[in-house]
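Chain residues, written in single-letter form:
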Amino acid sequence: MSNIVQNSGVDSNRFWRVLIYTTLLVFALFYLLPLFVMLVTSFKSLDEIRQGNMMALPEVWTLEPWFKAWGSACIGLTCEGIHTYFWNTIKMVVPAVLIATILGALNGYVLTKWRFRGHRWVFGLMLFGCFIPFQIVLIPMSQVLGNLGIAGTTAGLVLVHVTYGIGFSTLFFRNYYEAFPTELVKSAMIDGAGFFGIFWRILLPSSGPIIVVTVIWLFTNIWNDFLFGASFNAGEGAPMMVALNNLVNSSTGVKEYNVDMAAAMIAALPTLFVYIVAGRYFVRGLMAGSVKG
Amino acid sequence: MSAFHLNYSEHSGPNKMNDDTSGFLGWCRRSLPKIVLAPSFVVTICFVYGFIIYTGYISTTASKMLPNSKFIGLTNYEKLWRTLNWQVALDNLAIFGILYITICGVLGLTLAILLDQKIRGEGFLRPIYLYPMALSFIVTGTAWKWFLNPGLGLEKTMHEWGWESFSFDWLVNSEMAIYTVVMAGVWQTSGFVMAMFLAGLRGVDNEQVKAAQLDGASSFQTYKRVIIPQLGPVFLSAFVVLSHMAIKAYDLVVALTGGGPGNATEVPATFMYSYTFTRNQMGVGAASAMIMLMTIAAIIVPYLYAETRGKRHE
């Protein structure tokens, strides 16, 4: 499924190759440009931003905007930067990802190796839950969180993210375990292994890749969430993206673009880091998320 | 996959292996898989389907700032349809949805085809096209808001580079602001569409391609007649994923334009949020959420049905 271009003559072939490479590079620039501009802006002083060119490298590199964004920028009424919100997000993401992954693994195991009448319906109902527009749950969820006494807390957001994360984690593990040889499960059963024993000793040891895919998918989604954070925890305990939006779109005081960009970079770095380290697994999650099994 | 159905269909399983099948303990042992699955299932039933029903119920009541049990039928839906902001939101969703899906699709397919020409450095280029997908829409919105800043952004850069008459004020121009949302959305998602198409291209039947080439088909004809027609399922997936993202679009609009200038970039998701939580029109907000749900369900349900059915017969 390649080499097609090479049918034509050598000269026109070379022309086409140059054109293809040029187009590909131009688009690479298109995708990189906003990130580049964001980065260089975050290292400039405000004066240089006002006078200079957005695309130019800083004449004087400064880390001041990064320090300010992290430790002293004003968000709402407090001027302590985004670091508290960064930790808020960590405290929310870690338990939510762990719980949703564990539940998803067990669900996938049951739905493939311990099937019961109606398992397809159970899975279908859980799967549709992944795709609802979350606006539909905002009103009742805010009431439930209020009644449980966890409105505006990290625990509340963990509950929300686990609830709407298990659909996808179940999907990932179910599709993965579907291809797992049943003979192994069966022979372990004959040897007297129980439900958890089989899961622990037979399936889990070979689940490495799908665990990575699921963890990355959940981490990226929950870290990047804005809607739930803004709806249920917009105060002091707010997650990162809510704080970033408040910082950037606050209308008081001098607009410090360099601090905004540094804060945006800080908010983007964890998911970018995961992408750079484990991009392959990230893409697999994206593909599985579009339900191509 | 069919092996599962033969060996474990319905009621086989542990009860045949263990002698202790009587009494409470036996019941627990037999039901253990269901007990493990139950919490997730119950949570889904309550927090997805229960909540959908509750929001549907709220949409038929006179709820304003707080929920109110006074039943008013479909009045909120009538009100919704008479609200100018909702009309603007629907128009914007149409503009955004059509352009976003079309441009992402065309760009994604083009890049995938170009990358499939035995490109040196493919492993280097692909991650560059795809990395925006790892970012939050809030970060993307922040970056593009700065990039397109009328005073200090692209416009100033062009002036500095000698293009004095260059003017680009779309971000603050109520006629054009929705197109900046399209630009940022395409930037974020088109690499993902490229990856979907590339995976599809790599799965195309090589024999047919070779046959077409032996018949003297040009590369353009080969793509048009042999390869692209085989990508049907990828087109469908891409369409479903993109339309789903378009209808849910909220964060990007909030971060990039805040729905403005004025209400120029209002979309259903921002409409629902502001009517429910800041304008004290919870009933109308719930009605708009129901419309969003029904639109997405109309696209997703047939798709999921076909996908899961298809797997059964594999």
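Residues numbered from 1 in each chain as written. Chains lettered and ligands numbered in written order. Predicted model: local features only at pLDDT ≥ 70, side-chain atom pairs only at ≥ 80, totals over all residues.

**Q** Describe the overall build of chain B, naming the residues involved and giving the relevant values.
**A** The number of helices and strands found in chain B is 15 helices and zero strands. Relative to its length of 314 residues, chain B is extended, with a C-alpha radius of gyration of 26 Å against a globular reference of 20 Å. For chain B, the share of sequence-separated contacts (at least 6 apart) that also reach a separation of at least 24 residues comes to 67%. (Helix = DSSP H or I, 4+ residues; strand = E, 2+ residues; numbered from the N terminus. Rg over C-alpha atoms; globule rule 2.2 N^0.38 Å. Contact = placed C-beta atoms within 7 Å.)

**Q** So what's going on with the overall build of chain A? Which residues, and what values?
**A** Looking only at helices and strands, one finds 13 helices and zero strands in chain A. The N-to-C order of helical and strand elements in chain A reads α-α-α-α-α-α-α-α-α-α-α-α-α. Taken over C-alpha atoms, the radius of gyration comes to 24 Å for chain A, far larger than the 19 Å a tight globule of 293 residues would show. Over its C-alpha atoms, taken along the principal directions, chain A stretches across nearly 75 × 70 × 35 Å. Across the 293 residues that make up chain A, the buried fraction comes to 48%. (Buried ≥ 20, exposed ≤ 12 C-beta atoms within 10 Å, placed from the backbone.)

**Q** Explain the interface of chain B and chain A residue by residue, including any values.
**A** Tallying the contact residues gives 95 residues for chain B and 85 residues for chain A. Element by element, the count of residues in the side of chain B that touches chain A is highest for helix α3 (residues 23-58) of chain B, at 16 residues. Classifying every residue of the side of chain B that touches chain A by side-chain character gives 63 nonpolar, 21 polar and eleven charged. (Nonpolar A, V, L, I, M, F, W, Y, C, P; charged D, E, K, R; others polar.)

**Q** Give a description of the domain arrangement of chain A that names residues and reports values.
**A** Residue and element names in this part refer to chain A. Taken domain by domain, chain A holds domain 1 (4-62) and domain 2 (83-289). The distance between the C-alpha centroids of domain 1 and domain 2 comes to 34 Å. The partner domain 2 presents seven residues to the seven residues of domain 1 that form the contact. Elements that contribute at least two residues to the side of domain 1 that touches domain 2 include exactly α1 (10-42) and α2 (46-51). Of the residues forming the side of domain 1 that touches domain 2, the biggest block, four residues, is contributed by α1. (Domains from an automatic or database assignment.)

**Q** Before we move on, can you summarise the environment of Pro233 of chain B with the specific residues and values?
**A** Considering the arrangement of structural elements, one finds Pro233 of chain B in helix α12 (residues 232-248). Along the backbone, Pro233 of chain B and Phe197 of chain B are 36 residues apart, and their C-alpha atoms lie at a distance of 9.9 Å.

**Q** Talk me through the nonpolar core; I want residue IDs and the actual numbers.
**A** One recurring pattern in soluble globular proteins: nonpolar side chains tend to sit buried together. Among the nonpolar cores identified, the biggest contains 182 residues, and Ile82, Ala243, Leu244, Ala263, Ala264 and Ala267 of chain A together with Phe197 of chain B are the most heavily contacted of them. Counting residues per element, this core draws most heavily on helix α13 (residues 257-289) of chain A, which supplies 15 residues. In this structure, Ala243 of chain A is in contact with Ile75, Ile82, Tyr85 and Ala238 of chain A, ignoring residues within four places of it in sequence. (Core = buried A, V, L, I, M, F, W, Y, C linked by C-beta atoms within 7 Å.)

**Q** Any details on unusual backbone geometry? Residues and values, ideally.
**A** Residues and elements named next belong to chain B. One non-glycine residue, Lys118, adopts positive backbone phi at about 50°. Note on placement: Lys118 falls in the loop between α5 (84-115) and α6 (122-130). The exposure class of Lys118 is partly exposed, given the 13 C-beta atoms found within 10 Å. Positive phi, close to 55°, is recorded for Asn280, a residue that is not glycine. With respect to the helices and strands, Asn280 occurs in the loop between α14 (268-278) and α15 (282-312). Taking the C-beta count within 10 Å as the criterion, Asn280 has 14 such neighbours and is therefore assigned partly exposed.

**Q** An account of the domain arrangement of chain B is needed here, citing residue identities and associated values.
**A** Interface size is commonly expressed as the accessible area that is lost once the parts come together. All names here are of chain B. Domain parsing of chain B yields domain 1 (15-58) and domain 2 (75-312). Here domain 1 and domain 2 have C-alpha centroids that lie 38 Å from each other. On the domain 2 side, the residues contacting the four residues of domain 1 number six residues.

**Q** Break down helix α6 (residues 135-148) of chain A for me, citing the residues and quoting the values.
**A** All names here are of chain A. For α6, with 14 residues, the first-to-last C-alpha span of 20 Å sits near the 20 Å given by 1.5 Å per residue. Along α6, the sharpest change in direction is near 30° and occurs at Met141. Here α6 has its buried residues at Gln135, Ile136, Val137, Leu138, Ile139, Pro140, Met141, Val144 and Leu145. In the segment just after α6, Gly149 is the residue with positive phi, at about 75°. (Expected span 1.5 Å × (residues − 1). Bend = angle between axes of the 7 residues up to and from the residue.)

**Q** Can you lay out the confidence of the model for chain B for me, pointing to particular residues and giving the numbers?
**A** Residues and elements named next belong to chain B. Per-residue pLDDT for chain B averages 86, and the proportion of residues at 70 or more is 92%. Of all secondary-structure elements in chain B, the lowest mean pLDDT belongs to helix α1 (residues 2-8), at 34, while α5 reaches the highest, 95. In the model, residues 1-19 has pLDDT below 50 throughout and makes 26 contacts with residues more than four positions away in sequence or in other chains. Across the interface, the model reports ipTM at 0.91; the global pTM reads 0.89. (pLDDT = per-residue confidence, 0-100.)

**Q** Lay out the packing of helix α7 (residues 137-147) of chain B against helix α9 (residues 177-202) of chain B with the relevant residues and their values.
**A** Residues and elements named next belong to chain B. The contact between α7 and α9 brings their axes to 10 Å, and the two run at 125°. On the basis of the axis angle, α7 is oblique to α9. Remark: the crossing between α7 and α9 carries right-handed chirality. Residues Phe137, Thr140, Gly141 and Trp144 of α7 form the contact with α9, whose own contacting residues are Thr180, Met183, Ala184 and Gln188. (Axes fitted to C-alpha atoms, helices over the stretch in contact; angles between N-to-C directions. Parallel < 35°, antiparallel > 145°, perpendicular 65-115°, else oblique. Left-handed = near helix turned anticlockwise from the far one by under 90°.)

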